[in-house]
Amino acid sequence: DQQVKQNSPSLSVQEGRISILNCDYTNSMFDYFLWYKKYPAEGPTFLISISSIKDKNEDGRFTVFLNKSAKHLSLHIVPSQPGDSAVYFCAAGYQGNLIFGKGTKLSVKP
Amino acid sequence: EAGVAQSPRYKIIEKRQSVAFWCNPISGHATLYWYQQILGQGPKLLIQFQNNGVVDDSQLPKDRFSAERLKGVDSTLKIQPAKLEDSAVYLCASRLSTDTQYFGPGTRLTVL
C-alpha cells in the first residue's frame, strides 16, 4: 500500500513555461515533506521542503504548495529550464523517517 | 563541506556471492540511513542508525542483509548470499538535526 503517490510517471514541458509536479499522501501523521531531484547515476539531491504547519514555501524558481485537507502537495518550477530535466521524488516524513514516491521524470524541451 | 561518500560505485556479482558497501556520512551527522532503490521505484528504507545504535531495521531482510556502524561514523552494508532480486542501487543518507536527509551517489549492484 503506497503511502506516497506520484501518479504521473513523466511530464514534458517547454522551456520557459511552468512545470507542475504533483504528489498525494495517505498518512495524516506525516509532518514534513521534501522534494528531491535525481540525475542519472547520481544520488537524490535535496531541492525544497515544507513543514505541515505551512501551506507554501518558495526558493527561487521553486515553490512547494501543501494542501493538508486534500493530502496533496505540488512543486512548481517557473520558468522551467532544460537543466531541470531529471526525475523528481516527493518524500513525506515523520519522526526522522522518509517515505518516497516513485518519481516523476521531467523533460524540459528547448 | 564534503558530502556523503559511498564506495564502490558499481558492483557486479553472481547470485549466492557476498558483497559489502561502504558509506561515510557528512561530518557530524549522527543519523545515517541505508536505502534500496529498485529501478522505477523510489528509495525504500532498509535501516536507520543514530550514532552507533540501530533505530529502525524493520524492513531489513535480516536473513541475508546486515549493517553496522561500529564507531558511529562510517557504516557498511553487507548482503550474503545475494539473490537476483537484490539488483538495485543502494543509497546512503545522513541527517544532522533538521528533517533533511542528504544522499550519497549510491552503489549500483547487479546480481547475475
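These figures come from a predicted structure and were not determined experimentally. (Residues numbered from 1 in each chain as written. Chains lettered and ligands numbered in written order. Predicted model: local features only at pLDDT ≥ 70, side-chain atom pairs only at ≥ 80, totals over all residues. Heavy atoms only, no water.)

Let us now look at the interface of chain B and chain A. Tallying the contact residues gives 21 residues for chain B and 16 residues for chain A. Between chain B and chain A, the buried area comes to about 1,400 Å², and carbon and sulfur atoms account for 53% of it. On the surface where chain B and chain A come into contact, there are 0 salt bridges. Elements supplying a minimum of two residues to the side of chain B that touches chain A: β4 (31-37), β5 (44-50), β9 (88-95) and β10 (102-103) of chain B. Its residues assigned to classes, the side of chain B that touches chain A shows 9 nonpolar, 8 polar and 4 charged. (Contact = heavy atoms within 4.5 Å. Buried area = accessible area lost by both parts, 1.4 Å probe. Salt bridge = Lys/Arg side-chain N within 4 Å of Asp/Glu carboxyl O. Helix = DSSP H or I, 4+ residues; strand = E, 2+ residues; numbered from the N terminus. Nonpolar A, V, L, I, M, F, W, Y, C, P; charged D, E, K, R; others polar.)

What follows concerns the sheet that holds strand β1 (residues 5-7) of chain B. Residues and elements named next belong to chain B. A sheet is described by the order of its strands in space; here 4 strands give the open sequence β1-β3-β8-β7, paired in antiparallel fashion. The sheet terminates laterally at β1 and β7 (65-68), the two strands that pair on one side only. Between one strand axis and the next, the sheet turns through 15° on average, direction left out of account. In this sheet, strand β3 (residues 19-24) lies alongside β1 in antiparallel orientation, the contact comprising 3 bridges. (Pairing = 2+ DSSP bridges. Axes fitted to C-alpha atoms, helices over the stretch in contact; angles between N-to-C directions.)

This part takes up the nonpolar core. The nonpolar side chains of a soluble globular protein tend to be buried, and buried together. All names here are of chain A. Residues Phe-33, Trp-35, Leu-73, Leu-75 and Tyr-88 are the most contacted members of the largest nonpolar core, which totals 23 residues. Of all elements in the fold, only β3 (19-25), β4 (32-38), β5 (45-51), β7 (62-67), β8 (72-77), β9 (86-94) and β11 (104-109) reach the threshold of two or more residues within this core. Take this core: its biggest share by element is 4 residues, from β9. Other than its neighbours up to four places away in sequence, Tyr-88 contacts Gln-6, Leu-21, Trp-35, Tyr-36, Lys-37, Leu-47, Leu-75, Ile-77, Gly-103, Thr-104 and Leu-106. (Core = buried A, V, L, I, M, F, W, Y, C linked by side-chain atoms within 4.5 Å. Buried < 20%, exposed > 50% of the residue type's maximum accessible area, 1.4 Å probe, protein only.)

Attention shifts here to the side chain of Lys-38 of chain A. With respect to the secondary-structure elements, Lys-38 of chain A resides in strand β4. No salt bridge is formed by the buried Lys-38 of chain A, whose closest oppositely charged neighbour, Glu-42 of chain A, lies at an N-O distance of 7.9 Å. A distance of 3.0 Å separates a polar side-chain atom of Lys-38 of chain A from the backbone oxygen of Glu-42 of chain A. Not counting residues within four places of it along the chain, the set of residues in contact with Lys-38 of chain A comprises Gly-43, Pro-44, Ala-86, Val-87 and Phe-89 of chain A together with Gln-37 of chain B. (Lys, Arg positive; Asp, Glu negative; His and termini not counted. Polar contact = N/O pair within 3.5 Å; in protein donor to acceptor, adjacent residues only side chain to side chain.)

Residue and element names in this part refer to chain B. Residue position: Ser-7 is located in strand β1. Classification of Ser-7 by relative accessible area gives partly exposed; the value is 30%. Counting along the chain gives 75 residues from Ser-7 to Ala-82, while the straight-line C-alpha distance between them is 18 Å. Those residues in contact with Ser-7, other than ones at most four positions away along the chain, are Phe-21, Trp-22 and Thr-107.

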